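# Observations on chain architecture
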Amino acid sequence: MKLELGEKQLAWATKTLEQTAKKLEQVSRGSAHKIPYTTVNGVHDDKSGKRDSWWTNGFWGGMMWQLYTLTGDPFYRTVAEENEKKLDTNLMDYDKMDHDNGFKWLPTAVANYRKTGNRQSRNRGLLAAGQLAGRYNCAGHFIRAWNDWDDNGRDHRGWAIIDCMMNLPLLYWASEETGDPRFRQIAVHHADTAQRCFVRGDGSVRHIVEFDPDTGEMVRDYGGQGYEEGSSWTRGQTWGLYGFTLSFLHTGDRAYLETAERIANYFIANIPESGLIPVDFRQPEDVTWEDSTAAAIAACGLIELAKLHEGRQQKLYLDAALKLLRALADQRLNWDENEDNLLTKCTGAYHDKEHEFSIIYGDYYFLEALMKLTGQELFIW
Ligand code: GLY
């Protein structure tokens, strides 16, 4: 359905996108040869080289493809292509491949192929999809998340995480592209498992679920990057919200839409008055740590849900998305053009030593949300 934005809402989105694109024009020239993750003293760091496999390494390219779509300036395309090529060392390094192929190769190689028809990019996307499909566990019907053992010596062979819902679109794309249904079948099996094992009755979602890798039985769940087992890590809620929406868009299965809406309703009911999102909806009351990335990702998912409805329900999702985006723009946006980040107060994980810094995917989803609102988005997922 068409998004029924009010005149003032559209004017706000248009102006905020213009301001964002203006800042990014300068930032992207300074960071053209980097793959940024965060900023140090206002300057982008660089994950190129030894850290080519870091899971966020597709988002800078994704920002460049969105800006290329917005402006037509070939500079952005060149920067995106450089980012994409740098990921080839990761594609050739089995031990450093995990389930995050969607995050890495959808905003880079697949975006490139969709925009330009580049066959090398198609090749990269299909190799990444094949490897992701190869992580499927046939007993438990889930895609394995990580490799190795964690710091506590725990075996990850049976671990799946809610974030993977955002990697499934790489599999949907591979089936659409090749006509081979196997990729989609695996994505659907994983989404069904996630629907059954991750989403709680109240619409909140678990971060990590452990299965027995041999029998496929669910063993237990973990709080993961959130506060604790049974808590509600906000970014995890958004991966579920946006991810199930995308599975609906790719399959037409209304069960996924209903699941996405249950998560969305839970999320909306928990948005604080300020519109600023904590790291975990169930963190202790005296902890004030925020995660602006969760606000930006939730906004993207809510806008997609809004597009699937008319009238009051569209307004519910759209108003919630705008509340989140306005709170970010007014209070958590670094508009200083001499510093490289957009969002402030982003957090990787509740139990990390550092909290509330800039993170590239927060910036990516903020830009994507504005592109969606103004009807100019390159659809990445
Ligand atoms: N996908 C990992 C995270 O959201 O931190």
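In case you missed it, the structure is sitting above this.
To start, this report covers the structure provided alongside it.

The next point concerns the site of the ligand. In the vicinity of the ligand, the contacting residues are W55, D163, Q225, W233, R235, W239 and Y361. Between the ligand and Q225, the relevant distance is 2.8 Å, taken from an oxygen atom to a side-chain nitrogen or oxygen of the residue. In isolation the ligand exposes 200 Å². Once the protein is present, 93% of that is buried. Of all the cavities here, the one that holds the ligand is the largest pocket. Taken together, the residues of the shell around the ligand sort by class into four nonpolar, one polar and two charged.

To continue, consider unusual backbone geometry. Backbone geometry places N41, a non-glycine residue, at a positive phi of 50 degrees. Within the fold, N41 resides in the loop between β1 (39–40) and β2 (43–44). A positive phi angle is found at K345, which is not glycine, with a value near 60 degrees. Mapped onto the elements of the fold, K345 is located in the loop between α12 (311–331) and α13 (360–373).

Below, the discussion takes up the sheet that holds strand β7 (residues 218–222). Reading across the sheet, the three strands line up as β5-β6-β7 and stay open at both edges, with antiparallel pairing between neighbours. Edge strands, defined here as strands with exactly one partner in the open sheet, are β5 (159–161) and β7. The mean angle between the axes of side-by-side strands here comes to 25 degrees, regardless of whether they run parallel or antiparallel. Alignment of strand β6 (residues 208–211) against β7, held across four bridges, turns out to be antiparallel. Of the residues in β7, the one forming a bridge with I208 is Y222.

Another aspect to go through is the nonpolar core. Grouped together as the largest cluster of nonpolar side chains are 123 residues, with contacts concentrated most on L171, Y365, F366, L373 and W381. Ranked by residues supplied to this core, first place goes to helix α11 (residues 292–307) with eleven residues.

Right, let's get into the pattern of salt bridges. This structure, assessed with the given rule, holds 21 salt bridges. For K22, the salt bridge is made with E337, and the minimal N-O distance between the two is 2.9 Å. Taken as a pair, K22 in helix α1 (residues 7–30) and E337 in the loop between α12 and α13 lie far apart in primary sequence, 315 residues in all. Overall, the relative accessible area of 27% leaves E337 in the partly exposed class. Here E356 and K345 are joined by a salt bridge, their closest N and O atoms 3.8 Å apart. Placement of E356 in the loop between α12 and α13 and of K345 in the loop between α12 and α13 is noted, with a sequence separation of eleven residues between them. For K345, a relative accessible area of 29% puts it in the partly exposed group. Put simply, E304, K307, E368, K372 and E377 are held in one network by salt bridges that share partners.

About the thresholds
Residues numbered from 1 in each chain as written. Predicted model: local features only at pLDDT ≥ 70, side-chain atom pairs only at ≥ 80, totals over all residues. Heavy atoms only, no water. Near = heavy atom within 4 Å. Polar contact = N/O pair within 3.5 Å; in protein donor to acceptor, adjacent residues only side chain to side chain. Areas by Shrake-Rupley, 256 points an atom, 1.4 Å probe, with all protein chains shown as cover. 1 Å grid on protein atoms, 1.4 Å probe; cavity = no way out; pocket = protein on both sides within 12 Å on 5 of 7 lines; lining within 4 Å. Sits in = over half its atoms within 2 Å of the grid points. Nonpolar A, V, L, I, M, F, W, Y, C, P; charged D, E, K, R; others polar. Helix = DSSP H or I, 4+ residues; strand = E, 2+ residues; numbered from the N terminus. Pairing = 2+ DSSP bridges. Axes fitted to C-alpha atoms, helices over the stretch in contact; angles between N-to-C directions. Core = buried A, V, L, I, M, F, W, Y, C linked by side-chain atoms within 4.5 Å. Buried < 20%, exposed > 50% of the residue type's maximum accessible area, 1.4 Å probe, protein only. Salt bridge = Lys/Arg side-chain N within 4 Å of Asp/Glu carboxyl O.

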